[in-house]
Amino acid sequence: MISAPPLLRRDLLVREQTTTEGTVAIVKDPRTGDFFRLGEVERFITQQCDGETSVEGIRQRTEARFGAALAPEGLATFLRHLGRAGLLESAPAAVAANQRRRRIRGSLLYLRFPVADPNRLLDRLASALRWCYTPQFLAASGAVVVAALATAGANWSDIAQDLARLYHLTAILPFLAVTFLAASAHEFAHGVTCKHFGGEVHEVGFMLIYFQPAFYCNVSDAWLFPEKAKRLWVGFAGPYFELVLWALAVFTWRLTDLDMGVNYIALIVMAGSGVKTLLNLSPILKLDGYYLLSDYLDVPNLRRRSFRYVGGLVRRAWGRAGSPAADLSPRERRIYLAYGLLAAVPSLGLLAVGSVKTLGLLMAGSQPLALALFVGLLVTNVRGRIGTLFGTASHDGRPAEPPSPEHRRKRTRALRGLAVAAGVLAGGILGHARLRVAGAFTIEPLHNADVRTETDGLVERVYVAEGDAVRAGDVVARLSDRAHRADLAKTDARLRETRAHVRMLEAGPTADSIGLARTALEQASTRLQYARARLSRNRQLADSGVLARTALEQASTRLQYARARLSRNRQLADSGVLTRVDLESSEEQAATAAQDELEARRRLEALLHGSRVEEVEAARAEAGGLEAQHRYLEGELRQVAVRSPVAGIVATPTRELAELVGQNVRQGDLLAKVYELRRVSAELSVAEREIAAVRVGQPVALRARAYPDRTFRGVVTAIATSADAGPPSGEGVSAAGAGRAPRTIRVTTEIDNDSLLLKPGMSGQAKVFGDRLRILDIVFRRLALTLGVNLWSWW
């Protein structure tokens, strides 16, 4: 018990702040760097600790100041707390020794290693970066962030695909280095902002947050700022800086080529800073978002107080004593209840899910030693969390007092709660629910039709674009028909000619034809007789020399035209050569006449006998060939219009369709793809251990990532006969672990898609609804699937 007048230390830094609860005082101990928050009553008491006023005098002054009784025990307890905190000059030397700053602080998952005092460096940075705190910079940087969000949303599929570059062992070191630098700059942003508003930053160092290295600045001086806005800006500076850094990384990634190093670094910043910013701004985790919420609500130690309040409510429900809600305002109760539930439920849920997943991996990997260590660490962690939440110890570290008799009725209610739990267990035994098997799915078209050309030609026009709906038989494209029309016209002319010849052969010779043939024979006979008579006469003339003289007389009459010819004719007449020439000419004419007469006779005989059967058949065969060629060319002419074989949606990109115009295509070349999308199929990847519960005909519910608020339904139509070995080593699984990759089995379902919302390639999650089982059986089945085979293999 304190008997001497207490004396408050003179070197303490005290700042008053106005909150929703009134005026409070923030006290900083410059020796240890610890901060204390004092209410109006506590602040008044500390002001009376001048080393002269006795404890009784302080109590009397406090009662007079606030008009309420102050128990001596309560005042003595408060003064003892001040002494233990080292705020009084009369504190023992051991207290100061115990509160000396340690080199390593925090817990196993939150270790801090102070290194240096950055106050001077941050002074220079704050002076150089003064322009970052202007409204113009805030507006510009905010616009950059908004534009980056829009860019990321427009390129989300490309970003998701590009993130696969980070799923390699070689990406670990660059990722850690870049995220370490980004986190260091994040902490410097806190420090520079604190210096900008007049605070002090005397500690900088390294820390391990969940075994991830980072850089930190101690900006606890921000708690001394009277203005809430400044305190909030100090807390928000780090996440905002990293958000701007993320926005710049988005633009760098979008504007640079994939093979550039800066593009890879920008991708790392996008992944690391994006996720870290979301986590930092989450008030559930004890990071920047939590401290921002705590400062905004003017409730220090929000997490601890909320958990204690919720734990007190739970203890009261179970009949335990020691509720912490006696001196809380309605506002504080609402805040503690809301935050306690929002923080405790996800925290415990994540701990449970992570623990189950880790246990499953360790058991699947057959590592009993690691499993035992993890279970021990898990039990220790859960025990501490449950103790903090449900108050297994009192607030000052002493064991909780046993329940008083007045709480027996509450114990009765606890027994009723046990009865309710028993009812729940009975419901698990007697109640039934449908077994559900979940898995990822990918949409595939039910019918995938290829539009191909049926003839050769030049593409003249394309009538459709990507996404157009077509019916079966609709014209998709047209080929040039000029060459086909020219060939058809030639074939048509030859066909008409051949058909006329066939008709002529079938009709036989006419009377006019025979008459003409006889007339031609008579004329040939007359010419033969004339030629023979002339031949005879020429022979006689050649023998008597008369022909030579006649030729001489003719040459003389033409003397005026050709004297040379007259002389030659005389020579010829004298030698007798001309007579031989004329004789041979006459013989030739006689022979020709004989041949003409013979040909005319044969033609007449053929006409009299009629057409031969072979000739008619040959003409008919030629006509049949021309008719087949005519039909073929007509078919080719019809096939220049390329039609869709089925009804559906054109899936070929418009750019590729436009490039077809003017190209020469061969028969069978692919022009476009048409998907039947009124009914599509979805391929589910069901885990190997779950496939026993899946059968053909079971209902399926699906939700695509593009439509999270809409459920599509179908039924199981097929189950694959073999399991897939999981993703290859290049897709996030190392070569060493490829053999242990989870196996999946493809399950196919068909879905009505009259709205055309589902498109090939879309993905999401699906549930197959199996048999109705007892709820307890479903729970035990899950445990058996997780532990059964692996645990059995250990024995």
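From a predicted model like this one, the values you see are computed outputs, not experimental measurements. (Residues numbered from 1 in each chain as written. Predicted model: local features only at pLDDT ≥ 70, side-chain atom pairs only at ≥ 80, totals over all residues. Heavy atoms only, no water.)

## Examining the nonpolar core
Counting 28 residues, the largest nonpolar core has Phe 441, Ile 443, Leu 684, Val 694, Leu 702, Ile 751 and Leu 758 as its most contacted members. For this core, the secondary structure elements donating two or more residues are strand E8 (432–452), strand E15 (670–687), strand E16 (699–704), strand E17 (712–719), strand E18 (744–752) and strand E19 (763–774). Sorting elements by how many residues they give to this core places E15 first, with 6 residues. Aside from chain neighbours lying at most four places away, what touches Phe 441 is Ala 682, Glu 683, Leu 684, Leu 702, Arg 703, Ala 704, Met 762, Ser 763, Gly 764, Gln 765 and Ala 766. Residues Val 178, Val 244, Val 250 and Val 269 belong to the second largest nonpolar core, which totals 19 residues. (Core = buried A, V, L, I, M, F, W, Y, C linked by side-chain atoms within 4.5 Å. Buried < 20%, exposed > 50% of the residue type's maximum accessible area, 1.4 Å probe, protein only. Helix = DSSP H or I, 4+ residues; strand = E, 2+ residues; numbered from the N terminus. Contact = heavy atoms within 4.5 Å.)

## Some words on the packing of helix H8 (residues 172–196) against helix H10 (residues 261–280)
Any two packed helices are characterised by the angle at which their axes cross and by the distance between the axes. Two elements in contact, H8 and H10, have axes separated by 9 Å at closest approach and are oriented at 50 degrees. Viewed along their axes, H8 and H10 adopt a mutual orientation that is oblique. Between H8 and H10 lies a crossing whose hand is right-handed. Each of Pro 174, Phe 175, Val 178, Thr 179, Ala 182, Ala 183 and His 186 in H8 lies in contact with H10, whose residues at this interface are Tyr 264, Ile 265, Ile 268, Val 269, Ala 271, Gly 272, Ser 273, Lys 276 and Asn 280. Taken together, the residues that form the contact of H8 with H10 break down as 10 nonpolar, 5 polar and 1 charged. (Axes fitted to C-alpha atoms, helices over the stretch in contact; angles between N-to-C directions. Parallel < 35°, antiparallel > 145°, perpendicular 65-115°, else oblique. Left-handed = near helix turned anticlockwise from the far one by under 90°. Nonpolar A, V, L, I, M, F, W, Y, C, P; charged D, E, K, R; others polar.)

## Concerning the packing of H8 against helix H9 (residues 228–255)
Two numbers describe how H8 lies on H9: the axes approach to 8 Å, and their chain directions differ by 140 degrees. Relative to H9, the element H8 is oriented oblique. Like other packed secondary-structure pairs, H8 and H9 cross with a definite hand, here right-handed. Mapping the contact onto sequence places Ala 182, Ala 185, His 186, Ala 189, His 190, Thr 193 and Cys 194 in H8 and Trp 233, Val 234, Gly 235, Ala 237, Gly 238, Pro 239, Phe 241, Glu 242 and Leu 245 in H9.

## Examining the confidence of the model for the protein chain
For residues with low pLDDT, the predicted coordinates do not support detailed interpretation. On average, residues of the protein chain score 75 in pLDDT, and 67% of them reach the 70 mark or higher. Taken element by element, the predicted model of the protein chain shows its lowest mean pLDDT in helix H4 (residues 93–98) (44) and its highest in E16 (93). Long-range and interchain partners of residues 93–100, a stretch whose pLDDT sits below 50, account for 9 contacts in this model, where long-range means more than four residues apart. Counting contacts from residues 545–549, a segment whose pLDDT is below 50, to residues more than four positions away or on other chains yields 7 contacts. (pLDDT = per-residue confidence, 0-100.)

## Quick notes on the sheet that holds strand E14 (residues 664–665)
Strand order in the open sheet formed by 4 strands is E12-E11-E9-E14, with antiparallel pairing between adjacent strands. Of all the strands in the sheet, the pair left with one neighbour each is strand E12 (641–643) and E14. In the sheet, strand E9 (residues 457–462) pairs with strand E11 (residues 475–479) via 3 bridges, with the strands oriented antiparallel. Along E11, the bridge assignment pairs Val 459 with Leu 479. (Pairing = 2+ DSSP bridges.)

## What to know about unusual backbone geometry
In this structure, Leu 756 is a non-glycine residue whose phi angle is positive, near 60 degrees. Checked against the element boundaries, Leu 756 lands in the loop between E18 and E19. Residue Leu 756 is classed as partly exposed on the basis of its relative accessible area, which comes to 25%.

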